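Survey of secondary and tertiary structure
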Amino acid sequence: MIQNLRIMLIDDSKTMRNIQRTMLAQMGVEQMEEASDGQDALSKLGAFLPDLVLCDWNMPTCDGLEFVKQARARGFTAPIIMVTTESEKTKVVTAIRAGVNNYVVKPFTQEVLSARITETLAKRAAAA
């Protein structure tokens, strides 16, 4: 199920994108696009058309929350998972209200990432 997904990784840390890319590759994902901040991601959305987005919250230029708001305002409907160090309940609620489908707190394991992706896709399928 995860293997055929087109996934966009948005994080200002190249190291974090590399970690996510490695984990996803081990899960069988082959089609990935990277963006260094929300603005970079917004400029690549139309061309790449991801099935799922993994997005950091704290980034320069355009942070993850602003990316989510702008992407949703443009009609982007694919699931977005916020991958961040922000773990306060109020932050989680704010992200979900903005249009985030799930949440992963850093640091995380491959098992946690896989579970969140599977869970998010199952919720999406059930709602369809």
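Below you will find a few notes about this structure. (Residues numbered from 1 in each chain as written. Predicted model: local features only at pLDDT ≥ 70, side-chain atom pairs only at ≥ 80, totals over all residues. Heavy atoms only, no water.)

A closer look at helix 2 (residues 38–48)
For helix 2, every residue scored as buried is listed here: Gly 38, Ala 41, Leu 42, Leu 45 and Phe 48. Looking straight down helix 2, one finds that the buried residues subtend no more than 145° of arc, so they occupy a single side. Summarising the geometry of helix 2, the exposed residues directed more than 90 degrees from the buried face are Ser 43, Gly 46 and Ala 47. Elements that come into contact with the buried residues of helix 2 comprise strand 1 (6–10), strand 2 (31–35) and helix 3 (64–73). The first or second residue beyond helix 2 is Leu 49, which carries a positive phi of 45°. (Buried < 20%, exposed > 50% of the residue type's maximum accessible area, 1.4 Å probe, protein only. Helix = DSSP H or I, 4+ residues; strand = E, 2+ residues; numbered from the N terminus. Arc of directions from axis to C-beta. Contact = heavy atoms within 4.5 Å.)

Some points on the side chain of Lys 106
Along the chain, Lys 106 falls in the loop between strand 5 (102–105) and helix 5 (110–127). A relative accessible area of 18% places Lys 106 in the buried class. Of note is the side chain of Lys 106, whose polar atom sits 2.9 Å from the side chain of Asp 11. Dropping the residues within four chain positions of it, Lys 106 is found in contact with Asp 11, Met 16, Asp 56, Val 83, Thr 84 and Thr 85. (Polar contact = N/O pair within 3.5 Å; in protein donor to acceptor, adjacent residues only side chain to side chain.)

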